[in-house]
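Structural description and commentary
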Amino acid sequence: MSTLNIIDSDNAVLLSNPADLITEFNASTVDPNTIDRIEVKLDGNVIETIASNQLTENTLGLQFEGTISGLEVTSEAENDIVFDVVFNNGTPIASLNYIITTGQQQVTQQTNNGTTEIITFSVNQADFTPTSAPSPLTNREIIGNDLDNVITVQEGENTLFGNGGNDRFVLSSGINLVDGGGGTDTVEIAITQAEAGEISQTGNIINIGTDTTLLNVEFIEFSDVRLSTDTLTVTPILSLAETGITIIEGDPNTNLATFTLNLSSVTTEDVVIDFSTQSNAAIARTDFVEATGQLTIAAGESSGTITVEVLEDTDVESDELVLLNLTAVSGATFADGALNETGAINIQDNDSAIALRLTGFPVVIEGDPDDEEQTSLTLEIDRLGSITGTDVIDIEIFAAGSNTAQASDFVDGFFTTQVTFAPGEETKTVDIAIAPDQEVESDETFGVRLSNVSGSASVQDGETTLFTIFDNDGTDGIGQNPVIGNASDQNDNNTLVLEVGGKLTFTVTANANESVFSQQLVAFLGDNEIPILATLGNASGLPGTFSTSNLAIETLLGAGEFQFGLQVSEGSNATLLDLSNVTIDGFNLSGGGLELAVTLPSGTQQIFVESVGIGDETALGTEITDGVNNSTEVQVTVSAILHREAAFDNTIGFYLVDAANNGAVIDPLTGQAIANSTSSNRLGHFQAALNNTLITASAPVNKQTSIINETFDVINVGANAQLVLVPYLISNGNVDSLPSDLSTMYSSFIRTNADGVEHVRLLSNNAFGFEDLAGGGDNDFDDIVVQISSVQISNI
C-alpha cells in the first residue's frame, strides 16, 4: 500500500459552519515532538515502525505517506491493523484499530496477450451480471468469493470459479467451464435436458453436450428437471405453497392449517420429509395440537400435505405463532440444495373482554353551583383482544357503598345507558354529570356495573366498581385537616373516625423486614377495601431498600370509620395495624413489622406523576410545562430512585410527548412533533421515542436500587404545548437488543404496545410500576419501580 491516511477522534464536534472545520482540526492536533514512534501491528505482530520524523504536519493534523509491507491484498483480504502511538513524555500508549480491505469494487484486468478478461469479486460482492459482451477475441475468467454468489454469463468462452458459499451459475449460452468450489452449488441452464445434449461423467467431472463442463457442482437445473450430480437422477425442488398461514382461533371452518409441499417435477423415487411443530408464543396443547412425523410424496406424485390443528381458548391474548420445521430426508431438496425449510401459522385471537379502566383513585369532587363548568366523571370502557365484531354493553349507575349517594346527587339521577362497540372500536366513554350543591355533608358513594347485552366479548357481569363523591362544601372540605374523633374511643377497636374526607400522607418511620413489603397497605371501610399502596402480588412498589424519606404516600379517604392493615392480596386475611397517638394533625400505625406516621400537612404534597388525557387515551407521565411561562428554552432536572424486582435485565427510559398534539413525540432540540401515539403508528411512535430519549437507566442487580439524576434542555416550547415526560420499558434487554418490530418495548400508551395491554401503572404518588412480561404477565407491576423525587425546571 503506497498511501495510507487515517483520521481518528474520540470526541465528535457538531459544527454549524463548515468554515470552522480547519479551526477544529488545528485545535485537536497532537504535538509531533511528543511522539517517539508508531508501531504498526498485524495480528499482534509489528510489521512496520514509523519514526516521528516521518510524520508531516498539514491542515488536518499529522500525516504519514509511505509503504506498509506484509498486508494481504486478495479479494477476501481483511487486515486487522493496530497503530500503537508511543509517546516520549510519559503519556500512555494510544491505540487505533482499523480493518483495511482491498476495496468494495470488483477488480477487472486482462492477461498479457489481451485475450482473457479476469474479473475478481470484491470482499463483499455477491453477484455478477455482465453489462456488455466481451469482444469476440476475449474470454472471461470470473472469480467469486466465499459469499453466496450468483454469476450470470450470456455468451463467449467463460471460466467460472465459485470458491466458498452456496453459489448459483446462470448459463444463458456460450462455452463454459464451471468450478463451484465449496458449498452447495447449482448450475442453471435455460433449456430442457434433451436440448442440452448428452450428459457424461468421468470421475468428478461432468460434461453436458459439447459446451459445458462442471466440477464441484451439486445440482444441475434445466428448464424441465433438476439433476443431482451424485447420481445424475432427477432430484426435484421442494417448495411450500404458502410459507405463512393465518388461522382465526376457534373458527370451526378454518381450525386446520394445511401446508402443501410441491415438487418442481415428478420423480421415480419417493420423496421423504420429516416435520415437527415448534412453539413460538403459542402454547402446545392449549393453542395447537403438536404434530410430528414424516410425509412421503410417492413416486409419480407432485405434492403432499401436512395438517396442524389449532385449538380454541377463551383467553384474551395477542396473536400467536406456531412454526412448522421441515427437513428433506431423501428424493428432493428445497431451493439451492437446502435441506431445511420453515413454515409458520399465525393464530389470530378471537376473544375479547370489556372492562372499566381505572387510573388513580375512583373519586370525583362534587363541584359548586357557581362554577361555570359542570363537574362530571368520565368513565372509560376498554375492549381488549379481538375488536372485529360488534358488542353492546349496559353501564348501570346505582346506589352502593356505606354512605350511598342519592339520585339528586346526579344531574340525570341513577341511570342505565348503553354503548355499542362497532367493529374496530377499542374504547368508549360515558359521562356522569354530578349535581353540585352547597350543603355540608359526608362523602357519598355509588356503584358502576357493566353487563353484556349482545356480542362475543366477555364482561364481568355483576361486578361493582365503587366511586366516591367528595364533598367540597364548608371549611372542613377536601384539602383541609379532617376532624378526628375521641382518641380513647378509637383505641378500643383500632378504628379511626373521619368526619370529613381529606388527604392523608403515610410515611414509613422504621426499618422493616422484606416480608412486610410482600404485602399491600389497605384501609378498610366496612366491607370495602381501599388500597393505599395499590400493588398486586409482591407489593414491592414499597421496597425495603428505598430510603424512608422517599416513602411519603398520599391518598384520599372519605368520611367514615376506618381500620388499616397489611394483606398479601385483595380479599385475603389482613394483619390489622394498631392505631395510636391520634391527634387533629395525624396518628401512628404499627404492626406486622411496619411502623407508619400518618399526617395531614398544611401544604399539599407535590405530585410529579399523573394521568394525562392524550387524544382519546390516558397515559402516565410527568408534565414539565407548568411554570415555564411559555419560555422558548428550559432546562429540566429529574431525580428519581429505581428499584428492581425482576429476573430480566430491563431498561427504562423517558421521552417527551405533547398532550395538546395527540401525544406526538417531541424532538427536545427543535420542538418538532415527530410521530403520534395511535396504535396504527406503533413502530413510528416507538422509533421516534428511541431517537429522542432523554433519560435511560437500569438496575444491574435484582432487589437493589440505583439513583437517576438527569438534566436536559428543551427548546422551542410552544405557547400551547403540554409537554409530558412519558416512561417506557425495554423488556429483558436494551436498545441494541430490540427486535426489528420493537415488540419488547412498552410505554404507558396501552394501545401502542404490541400486545395492547397495560405495562406501566401508578403504584402510589410519584411512583411508576412496570410489568415486563408480554400479555400482562403476572400483573404485579413491581419488576421495575421508579419513584420520582423531584423535577426542577428553570428558564435558560
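Residues numbered from 1 in each chain as written. Predicted model: local features only at pLDDT ≥ 70, side-chain atom pairs only at ≥ 80, totals over all residues. Heavy atoms only, no water.

Focus: the environment of Ile 707
Note the threshold: Helix and strand definitions here come from DSSP, where helices need a minimum of 4 consecutive H or I residues and strands a minimum of 2 consecutive E residues; each element is numbered from the N-terminal end. Burial classes follow relative accessibility: with a 1.4 Å probe on protein chains only, a residue under 20% of its type's maximum area counts as buried, one over 50% as exposed, and anything between as partly exposed. Pairs of residues are marked as contacts when any of their non-hydrogen atoms sit within 4.5 Å.
Structurally, the position occupied by Ile 707 is in strand S56 (residues 705-715). Owing to a relative accessible area of 65%, Ile 707 belongs among the exposed residues under this scheme. Between the C-alpha atom of Ile 707 and that of Leu 642, which follows or precedes it by 65 residues, the distance is 6.2 Å. Beyond its immediate sequence surroundings of up to four residues, Ile 707 is in contact with Ala 640 and Ile 641.

Some remarks on the packing of aromatic side chains
The condition is simple: Here the aromatic set is Phe, Tyr and Trp, taking the six-membered ring for Trp, and pairing holds for ring centres within 6.5 Å; pairs whose planes are under 30 degrees apart are stacked, those over 60 apart are edge-to-face, and all others are tilted.
The full count for this structure, using the stated rule, is seven aromatic pairs. With centroids separated by 6.0 Å and ring planes inclined at 40°, the aromatic side chains of Tyr 655 and Tyr 728 adopt a geometry described as tilted. Taken as a pair, Tyr 655 in strand S53 (residues 651-658) and Tyr 728 in strand S57 (residues 723-730) lie far apart in primary sequence, 73 residues in all. Side by side, Tyr 655 and Tyr 728 carry an identical accessibility label, which is buried.

Here we look at the side chain of Glu 444
Operational definition: Charged-residue counts in this description rest on Lys and Arg as positive and Asp and Glu as negative, His and the chain ends being excluded. A pair is scored as a salt bridge if a Lys or Arg side-chain nitrogen falls within 4 Å of a carboxyl oxygen belonging to Asp or Glu.
In this fold, Glu 444 is placed in strand S37 (residues 444-454). One buried charged side chain, Glu 444, makes no salt bridge at all; its nearest oppositely charged neighbour is Arg 449, positioned 19 Å away. Contact partners of Glu 444, with chain neighbours within four places excluded, come to Asn 403, Thr 404, Ala 405, Asp 409, Phe 467, Thr 468 and Ile 469.

Quick look at the environment of Ile 175
Looking at where Ile 175 falls in the secondary structure, it is placed in strand S14 (residues 175-179). You can call Ile 175 partly exposed: its relative accessible area is 42%. As for Ile 175 and Thr 210, which are separated by 35 residues in sequence, their C-alpha atoms are 8.2 Å apart. With residues near it in sequence (within four places) discarded, Ile 175 still touches Gly 156, Glu 157, Asn 158 and Asp 211.

Side note on the pattern of salt bridges
In the structure shown here, the tally under the stated rule is 13 salt bridges. In this structure, the salt-bridge partner of Glu 39 is Arg 37, at a minimum N-O distance of 3.0 Å. By relative accessible area, Glu 39 is classed as buried at 17%. Linking Arg 761 and Glu 758 is a salt bridge whose minimum nitrogen-to-oxygen distance equals 3.0 Å. Several salt bridges converge on common partners, so that one network encompasses Arg 168, Glu 188, Glu 221 and Asp 336.

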